[in-house]
Amino acid sequence: GRLYVNRVFNISAEKMFELLFTESHFIRRFMNARKITNAILTPWQSDASGSMKRSLNYTITITNPLVGKFSTATENQILYKESREGQYYLVDSEVYTHDVPYHDYFYTQNRYCIIRHSKRKCRLRVYTDVKYKKQPWGLVKSFITKNSWSGLEDYFRHLESELMEEEAELNQGCGDP
Ligand code: YK8
């Protein structure tokens, strides 16, 4: 896997969770900017193990010339019960892209870790892995992995920079002296 985001933000852990994992203006704006459309989100609901789950369905716009311009996708998120409000949030998200070549072979697992740093700061880590449901040939596998990494890198670089913008806006006039 790869670590795509690992940074301390001037944003509380609680606020970071709200920005990324609720229907915040921030995430709506970000989805618009990424041309992620037709989003349907279920609310967070507790499961039998005491963790929380939700799922998202949407259409992504793809810039990779090897792939069609759009794909539907499903994202299943789990907020582990080990999470502590305001302190520590661990979210795993499995993303299935249904309309790309070899879609039945792989999915992406993103692990988001939000850790309280101080009252108004948190660390965000995003760790990503491409997982295989069945083993493709070596050549196909490296093709999938390479194309996935480049798309993911672009996505998380953009997310990080938008979070930095949001951080600047949130701290206007009331940031740390
Ligand atoms: C989520 C991983 C792979 C996929 C894409 C497929 C290449 C197909 C390989 C062929 C287009 C928002 C990605 C990047 C699309 C976007 C997905 C996003 C960024 C040529 C063999 C969508 C996080 C996420 C997870 C997986 C990403 C796909 O919140 O390369």
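Look up: the structure comes first, before these words.
> Before we move on, can you summarise the packing of helix H1 (residues 13–21) against helix H3 (residues 138–170) with the specific residues and values?
Axis separation between H1 and H3 bottoms out at 12 Å; the angle between their running directions is 130 degrees. As far as their axial angle goes, H3 and H1 are oblique. For H1 against H3, the interelement crossing comes out right-handed. Of the residues in H3, those in contact with Lys15, Met16, Leu19 and Leu20 of H1 are Leu159, Leu163, Glu166 and Leu170. Classifying every residue of the contact of H1 with H3 by side-chain character gives six nonpolar, no polar and two charged.

> Report on the pattern of salt bridges, specifying residues and quantitative values.
Summed over the entire model, instances satisfying the criterion amount to nine salt bridges. Asp154 is the partner of Arg34 in a salt bridge, and the nearest nitrogen-oxygen pair spans 2.9 Å. One end of the pair, Arg34, is in the loop between helix H2 (25–33) and strand E2 (37–41); the other, Asp154, is in helix H3, with 120 residues separating them in the sequence.

> Just give me the short version of the site of the ligand, but keep the residues and values in it.
If you check the shell around the ligand, you find 16 residues, and the closest are Tyr58, Glu75, Phe143, Asn147 and Tyr155. One of the side-chain N or O atoms of Glu75 is found 3.1 Å from an oxygen atom in the ligand. A distance of 3.2 Å is found between an oxygen atom of the ligand and a backbone nitrogen or oxygen belonging to Asn147. Those elements that place two or more of their residues in the shell around the ligand are strand E4 (52–61), strand E7 (106–118) and H3. Per-element tally for the shell around the ligand: the top contributor is H3, with seven residues.

Cut-offs applied
Residues numbered from 1 in each chain as written. Predicted model: local features only at pLDDT ≥ 70, side-chain atom pairs only at ≥ 80, totals over all residues. Heavy atoms only, no water. Axes fitted to C-alpha atoms, helices over the stretch in contact; angles between N-to-C directions. Helix = DSSP H or I, 4+ residues; strand = E, 2+ residues; numbered from the N terminus. Parallel < 35°, antiparallel > 145°, perpendicular 65-115°, else oblique. Left-handed = near helix turned anticlockwise from the far one by under 90°. Contact = heavy atoms within 4.5 Å. Nonpolar A, V, L, I, M, F, W, Y, C, P; charged D, E, K, R; others polar. Salt bridge = Lys/Arg side-chain N within 4 Å of Asp/Glu carboxyl O. Near = heavy atom within 4 Å. Polar contact = N/O pair within 3.5 Å; in protein donor to acceptor, adjacent residues only side chain to side chain.

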